[in-house]
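Listed here are the chains, written in short residue letters.
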Amino acid sequence: MEYKSLAISFRIELGFHAANNEGAGGTNVMEPRRITVGDKEYDGISGEIIRHHILEEFVKLCRDNGVSLHQRCHGLVPDRCREEVKQRMQNEKVSKLLPEQHYSALSGEILKNCALCDVGGYLVALQQQQDKVEGTLKRDSCFEVGWLISEHPAIVNYTQHSAYDPDPEKHNIFVQNMRNGIYGGVLRIDLDRIGFNDWWWLKGNDQQGQKGNDQQGQKGNDQQGQKGNDQQYVIAKEERAKRIRLLLQAIRRWLLSPSFAKQAGWLQHMSGLLEGSIVLSKDGPAPFCSPIKFELENGDPNKPVIRQNREYRDVLDKLKDDCGNTLEVHRFNGPADFKKKIMMIEEEFEKKEGSNGGNKGNPSSS
């Protein structure tokens, strides 16, 4: 594919929320997650929780669009493909995973059968005593998300509540925080790793199960236009384009209507502030630039602060000018503009899906 990577640098305002907390610490006060810089505290929302909700949306889109998932991955389980690896080992009477003998064929089978394992990665760790087989198998995620960090010191209010109980003597008093802020965020997708078997280079030494994998997958790959990349990519280019499009769609849905861990009674107020830049790269990881920056107040090394980085989009525009046609940069100002710009990119990948991959009439593609 032409594009190898995509990155988004963005500012977003979230009001009156309780999106990410450290816990109660043995008290009845729910403490917000904080980032301390010098003598100031800034609000932070973990990239892990953002990534989880994007993947949750991705799984829904896969179901709606007929993209293959392992059975347990429909539930976004943390131990992805663990049972599938165990089952294959038991079927082939393999007691221990060995890189040279098993990694290539087993990884290829996992990626073909499950888009979530492909995009989100996995870590399988099996122990003889517990699982009757042993070994590890890993795949790094194809996309990364940074923390949302406020561009100003944390604005936190505390409110007291009680958990209702019919017995008035058992009303549990607790204190919940509520925060407001304008946050800077970054994320990046390794587009060229989707469908890519990280262990392809061990294929020549893969003995156990490789013959079966060749019979079931290699022939199909040849038919689907993967000639020249059979050892590296285990799914057809049309399927890769579809998975990429659905991941972009999941990110779009999240940015337009963010989901977090604690929202049932603390849904954030959205002001409409959403701006940033989308960068597409054709020759390596897409660059990004944070909307926040670290500074020393009045040059004093004892007074570090975080401030808004007003030049972050100018930096990316300048980089695009210097790099020529290897980069594309799309600025957006507001939710509607963001939706328009990213849907243009989604449509480029939709064209690569072929006649069967469009789903133009599917409401899930809206």
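Being a predicted model, the structure only gives us computed values, none of them experimental.

Here is what the cut-offs are and how they apply
- Residues numbered from 1 in each chain as written.
- Predicted model: local features only at pLDDT ≥ 70, side-chain atom pairs only at ≥ 80, totals over all residues.
- Heavy atoms only, no water.
- Buried < 20%, exposed > 50% of the residue type's maximum accessible area, 1.4 Å probe, protein only.
- Helix = DSSP H or I, 4+ residues; strand = E, 2+ residues; numbered from the N terminus.
- Pairing = 2+ DSSP bridges.
- Salt bridge = Lys/Arg side-chain N within 4 Å of Asp/Glu carboxyl O.
- Expected span 1.5 Å × (residues − 1).
- Arc of directions from axis to C-beta.
- Phe/Tyr/Trp six-rings, centres within 6.5 Å; stacked < 30°, edge-to-face > 60°.
- Lys NZ or Arg CZ within 6 Å of the ring centre and 35° of its normal.

1. Section: the pairing of strand β6 (residues 122-126)
Next up, step 1: Taking every second residue as pointing to the same face, the buried face of β6 carries Tyr-122, Val-124 and Leu-126, while none of Leu-123 and Ala-125 on the other face is buried.
Next up, step 2: As paired strands, β6 and strand β7 (residues 135-139) are joined by five bridges and run antiparallel to one another. Looking at β7, one finds that Ala-125 is bridged to Thr-136.

2. As for the pattern of salt bridges
Next up, step 1: In total, this model carries 31 salt bridges according to the counting rule given.
Next up, step 2: Asp-118 is the salt-bridge partner of Arg-243, the closest N and O atoms lying 2.7 Å from each other. Placement of Arg-243 in helix α7 (residues 237-256) and of Asp-118 in helix α4 (residues 115-120) is noted, with a sequence separation of 125 residues between them.
Next up, step 3: The class of Arg-243 is buried, set by a relative accessible area of 1%.

3. Considerations on helix α8 (residues 312-323)
Next up, step 1: Given a rise of 1.5 Å per residue, twelve residues ought to cover 16 Å, and the 17 Å separating the end C-alpha atoms of α8 matches this to within 8%.
Next up, step 2: Those residues of α8 that fall on the buried side of the exposure criterion are Tyr-312, Arg-313 and Leu-316. The arc that holds every buried residue of α8, seen down its axis, measures 100°, which confines them to one face. Every exposed residue of α8 that faces more than 90 degrees away from the buried side is listed here: Asp-321 and Asp-322.

4. With respect to the packing of aromatic side chains
Next up, step 1: Counting across every chain of the model gives six aromatic pairs.
Next up, step 2: Consider the rings of Tyr-103 and Trp-199, whose centres lie 4.8 Å apart with planes at 70°: the pair is edge-to-face. Of this pair, Tyr-103 sits in helix α3 (residues 99-113) while Trp-199 sits in the loop between β11 (172-189) and α6 (210-223), and the two are 96 residues apart along the sequence.
Next up, step 3: Connected via pairs of aromatic rings, a cluster forms that spans Tyr-103, Trp-199 and Trp-201.
Next up, step 4: In this structure, Arg-51 is placed above the aromatic ring of Phe-143, and the distance from its NZ or CZ to the ring centre is 5.5 Å.

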